[in-house]
Amino acid sequence: PTMYGRSGAICSYAMPAVTCEEGFTLEPLRGERCFKVVSAESNKKTWAEAKTACEALATGKLADVGPSLATITSPEENAYVLALLQGSPQKPPGTSEYWAAIGCEDTDEEGSFTWAGEMGRPLSYTNWAAGEPNSWKDKDENVCAMFGNDRHGTANAGEWNDATQIQKMDAFVCSYRRACAEGFRLDPTNEKRCYRVVHKEEVVTWFDAQLDCQAMVPSKGSDLATVIHKGENDFVMSLLGAKSYSA
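Residues numbered from 1 in each chain as written. Predicted model: local features only at pLDDT ≥ 70, side-chain atom pairs only at ≥ 80, totals over all residues. Heavy atoms only, no water.

**Side note on the overall build of the protein chain**
Alright, step 1. Along the backbone of the protein chain there are 4 helices and 13 strands.
Alright, step 2. Residues counted as buried form 47% of the 247 residues belonging to the protein chain.
Alright, step 3. The contacts of the protein chain with a sequence gap of at least 6 include a subset with a gap of at least 24, amounting to 73%.
Alright, step 4. Looking at the protein chain as shown, the accessible area adds up to about 12400 Å², and 52% of this sits on carbon and sulfur atoms. (Helix = DSSP H or I, 4+ residues; strand = E, 2+ residues; numbered from the N terminus. Buried < 20%, exposed > 50% of the residue type's maximum accessible area, 1.4 Å probe, protein only. Contact = heavy atoms within 4.5 Å. Areas by Shrake-Rupley, 256 points an atom, 1.4 Å probe, with all protein chains shown as cover.)

Following this line, the structure appears as structure tokens:
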């Protein structure tokens, strides 16, 4: 019913297509992140140094999340990063390992890895090598690396390992993605839509709620929320709490 009053609204808009900055390339299957591999060559970097180097690539032109050490959220992104790694300059012949820093860490809580470049987002996808993460020999291994080649039959190229913060890496991978407008939150189940719950002290009609949503980010087509699958619905419910809003 169009005149049924509610105490706010749920607004959303579709995330615009990503356009990568120079030096970054878009993972094409999911189309959500831009990636760049930097080969350390003779100047190897620790995880922290690599993170700083990625962050220094920010141009200020885009309101994005990142760049920082790479966030990897799917098998497609992992395979794409491995392909970039294997296409970058490799270590000299005769060396057995090729490691690249990626952006997960568990510095705040042992065993609870999060993505450093996306505000502590928990890992929803992992590709640990067998037995990893393991803090080998009780070392303080609280950052992540990807194997760029097979490792003596104990790990496959593209699998992950935990490493120490002082370990020097052969390469590092940076990434960034589009950010939601201020006040909106990205649905993490598919990273395609941004949502915002708007609280109102007064009762509003469905039409007034729609006008409020449309005025928020008109350049991106914000409107009353579109929810097209269960994952999005669950995410919206987590934003709602116990209140009732227009959608």
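Now that the structure has been shown, the text picks up again.
**Things to note about the state of the cysteines**
Alright, step 1. Per the stated rule, a full pass over the model turns up 5 disulfides.
Alright, step 2. Paired by a disulfide, Cys11 and Cys213 hold their sulfur atoms 2.0 Å apart. Between Cys11 and Cys213, the disulfide has an S-S torsion of -70° and is therefore left-handed. Separated by 202 residues along the polypeptide, Cys11 in strand S1 (residues 6–14) and Cys213 in helix H3 (residues 206–216) bring together distant segments of the chain.
Alright, step 3. Sulfur-sulfur distance for the disulfide between Cys54 and Cys174 comes to 2.1 Å. In this structure the cystine formed by Cys54 and Cys174 twists about its S-S bond by roughly -80°; its chirality is therefore left-handed. Highlighted residues: Cys54 in helix H1 (residues 47–55) and Cys174 in strand S10 (residues 171–178), separated in sequence by 120 residues. A single burial state applies to Cys54 and to Cys174, both of which are buried.
Alright, step 4. Counting only the cysteines that take part in disulfides, in the order they occur along the protein chain, gives the pairing 1-10, 2-3, 4-7, 5-6, 8-9. (Disulfide = S-S within 2.5 Å.)

**So, H3**
Along an α-helix, a turn takes 3.6 residues, which lines up residues three or four apart on a common side.
Alright, step 1. Listed in full, the buried residues belonging to H3 are Ala209, Gln210 and Cys213. What you see down the axis of H3 is that its buried residues fit within an arc of 100°, all on one side. Turned more than 90 degrees away from the buried face of H3, the exposed residues are Leu211 and Ala215. (Arc of directions from axis to C-beta.)

**Notes on the packing of aromatic side chains**
Alright, step 1. All chains considered together, the criterion is met by 10 aromatic pairs.
Alright, step 2. Between the aromatic rings of Trp115 and Trp160, the centroid separation amounts to 5.8 Å while the plane-to-plane angle is 80°, which identifies the pairing as edge-to-face. On the criterion of sequence distance, the pair formed by Trp115 in strand S6 (residues 114–115) and Trp160 in strand S9 (residues 160–164) is long-range, its members being 45 residues apart.
Alright, step 3. Put simply, the rings of Phe113, Trp115, Tyr125, Trp128 and Trp160 touch in pairs and so form one group of aromatic residues. (Phe/Tyr/Trp six-rings, centres within 6.5 Å; stacked < 30°, edge-to-face > 60°.)

**Topic: the nonpolar core**
Alright, step 1. Residues Ile72, Leu85, Ile102, Cys104, Met146, Trp160 and Val173 are the most contacted members of the largest nonpolar core, which totals 23 residues.
Alright, step 2. Of all the secondary-structure elements, those providing two or more residues to this core are strand S3 (33–39), helix H2 (75–86), strand S5 (99–105), strand S8 (141–147) and S10.
Alright, step 3. In terms of residue count, H2 provides more of this core than any other element does, 4 residues in total.
Alright, step 4. When neighbours within four sequence positions are excluded, Met146 is seen to be in contact with Ile72, Asn78, Val81, Leu82, Leu85, Tyr98, Trp99, Ala100, Ile102, Gly158, Glu159 and Trp160.
Alright, step 5. In this structure, Trp47, Cys54, Phe147 and Tyr176 belong to the second largest nonpolar core, which totals 19 residues. (Core = buried A, V, L, I, M, F, W, Y, C linked by side-chain atoms within 4.5 Å.)

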